[in-house]
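# Inside the fold
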Amino acid sequence: MSIRVLLFASYAEALGRDEVAMDPAPGATVADVLEHLRTLPGADRLPPRPLVAVNARYAAIGDVVRPGDEVAVIPPVAGG
Amino acid sequence: MSIRVLLFASYAEALGRDEVAMDPAPGATVADVLEHLRTLPGADRLPPRPLVAVNARYAAIGDVVRPGDEVAVIPPVAGG
Amino acid sequence: MRAALVQHPIDAAALLAEVAAVGRGATTLFVGTVRDTHDERHVSGMDYHAYEAMALHELNAIVAEAEARFPGARVVCEHRTGTLGLGEASVVIAAAHPHRAPAFESCRFVIEELKRRVPIWKREHYVDGTRAWIDPTAAAPAASHP
Amino acid sequence: MRAALVQHPIDAAALLAEVAAVGRGATTLFVGTVRDTHDERHVSGMDYHAYEAMALHELNAIVAEAEARFPGARVVCEHRTGTLGLGEASVVIAAAHPHRAPAFESCRFVIEELKRRVPIWKREHYVDGTRAWIDPTAAAPAASHP
């Protein structure tokens, strides 16, 4: 079972997609997810340390991701 | 020609009236108006230094009042 | 800018619409209503009485000061007089500005200044049938502040 | 407390009514609307897009924090998503409290936190037909800040 990585707004525009599927190795972290994302075309337009959420909660770079998780890369928010 | 002295809210209640007519001497001030007011029944319930307006503008205790002026003694305001 | 004393219910939505404009992205509103308790006494209604000519002058001056202090703000204020029931609005202030900080601050400025200097007084009606003019500078009854 | 993401126009008057109560004498409202200019570019409309599950969670958390931080406050917030025209409300916050200071401060708290952490993004439509996602952390174009 893989994880879904959601992309929004300018990040979705940069990578030309709003979702990426990934098979994390056991013990993989948010940092590993981001490293994999950076191999994709357009990912050079992501900032060095984007905000990330795991299962709809802000997460830290070292948090472990598990099969079935929903990881979201969060551009600077602009609500209101 | 005399001046009108307006009383409001608790001050009108204290003196049992909302208006007093007065003939100020030439050069009389707000202080003189208050001194005269204090001779009226119920005026002991006024504070020592109430706020006063002359012609609908806040006035100082030493301001001169002139025939035709409207003087108002202003209880602590409670709008809003 | 506009300020008024009114004898009818205040239409908050109309005041919001009055300050709105596509250049002003932030609008704030303050509504003051008659509360059912004051210093632990049960209130059933309220009379608002104004020294009208002076109250209108001061209200207009305050709204003008708000717009001068927060350039770009548009501010309107209506204060009601007469007898009001519980929950009815005694004052409504609407303020709009391109940005939210001055929208909030200009609205707040108006209510703070209004309470400081506009000659309006209120007389509470209590459920026991008595009435009393409110003096905000007086200490509350000792029993209500243990 | 209540928070929602909605796809229809927000009814500010309904939110005011929702927080009103005779024990709460001070009500504040914040309305954010789509402006016609941004960094000197002419805007014709705006798309709001949310990471819905997370945005709703964060909005609810913020409103709950506001009520915890200002005891006695009742706070509701609706944020709209989809495509909005100029002057349409993207967000409305209503807050009521027995006293005015916490009524203002709880309302302000919600909009400040919302802008800091709720995952919602906006894409401006310009009158020249182009569109761009807004990054509030980016410096504005040099030309617009001489």
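It should be noted that the structure appears before, not after, this text.
Let us look at the structure shown here. (Residues numbered from 1 in each chain as written. Chains lettered and ligands numbered in written order. Predicted model: local features only at pLDDT ≥ 70, side-chain atom pairs only at ≥ 80, totals over all residues. Heavy atoms only, no water.)

### Looking at the relation of the copies chain D and chain C
Each copy of the chain is related to the other by a rotation around an axis and a translation along that axis. Between chain D and chain C, which share one sequence, the superposing operator has a rotation angle of 180° and an axial displacement of 0.0 Å; the RMSD is 0.0 Å. Read as a symmetry element, the transformation amounts to a two-fold axis. Considering only C-alpha atoms, the part of chain D nearest the rotation axis is Leu 29 of chain D, at 2.4 Å. When the interface residues of chain D are mapped onto chain C, 100% of them are again interface residues, pointing to one common binding face. (Least-squares fit on C-alpha atoms with pLDDT ≥ 70 in both. Contact = heavy atoms within 4.5 Å.)

### A look at the interface of chain D and chain C
A common way to express how large an interface is: the accessible area buried when the components associate. Taken residue by residue, the interface counts 30 residues in chain D and 30 residues in chain C. Roughly 2,400 Å² of surface becomes buried between chain D and chain C when both sides are summed, with 57% attributable to carbon and sulfur atoms. Together, Val 22, Arg 100 and Phe 104 of chain D form the three largest contributors to the area buried by chain D at its contact with chain C, with a combined 28%. Applying the counting criterion to the chain D and chain C interface returns 4 salt bridges. The partner of Arg 108 of chain D in a salt bridge is Glu 105 of chain C, with the nearest N and O atoms 3.8 Å apart. For the pair chain D and chain C, the number of links is 11 residue pairs in polar contact (both at pLDDT 80 or more). Elements with a minimum of two residues in the side of chain D that touches chain C: helix 1 (12–19), strand 2 (26–33) and helix 3 (100–117) of chain D. Here the side of chain D that touches chain C takes 9 residues from helix 3 of chain D, the largest share from any one element. The residue makeup of the side of chain D that touches chain C, split by class, is 14 nonpolar, 8 polar and 8 charged. (Buried area = accessible area lost by both parts, 1.4 Å probe. Salt bridge = Lys/Arg side-chain N within 4 Å of Asp/Glu carboxyl O. Polar contact = N/O pair within 3.5 Å; in protein donor to acceptor, adjacent residues only side chain to side chain. Helix = DSSP H or I, 4+ residues; strand = E, 2+ residues; numbered from the N terminus. Nonpolar A, V, L, I, M, F, W, Y, C, P; charged D, E, K, R; others polar.)

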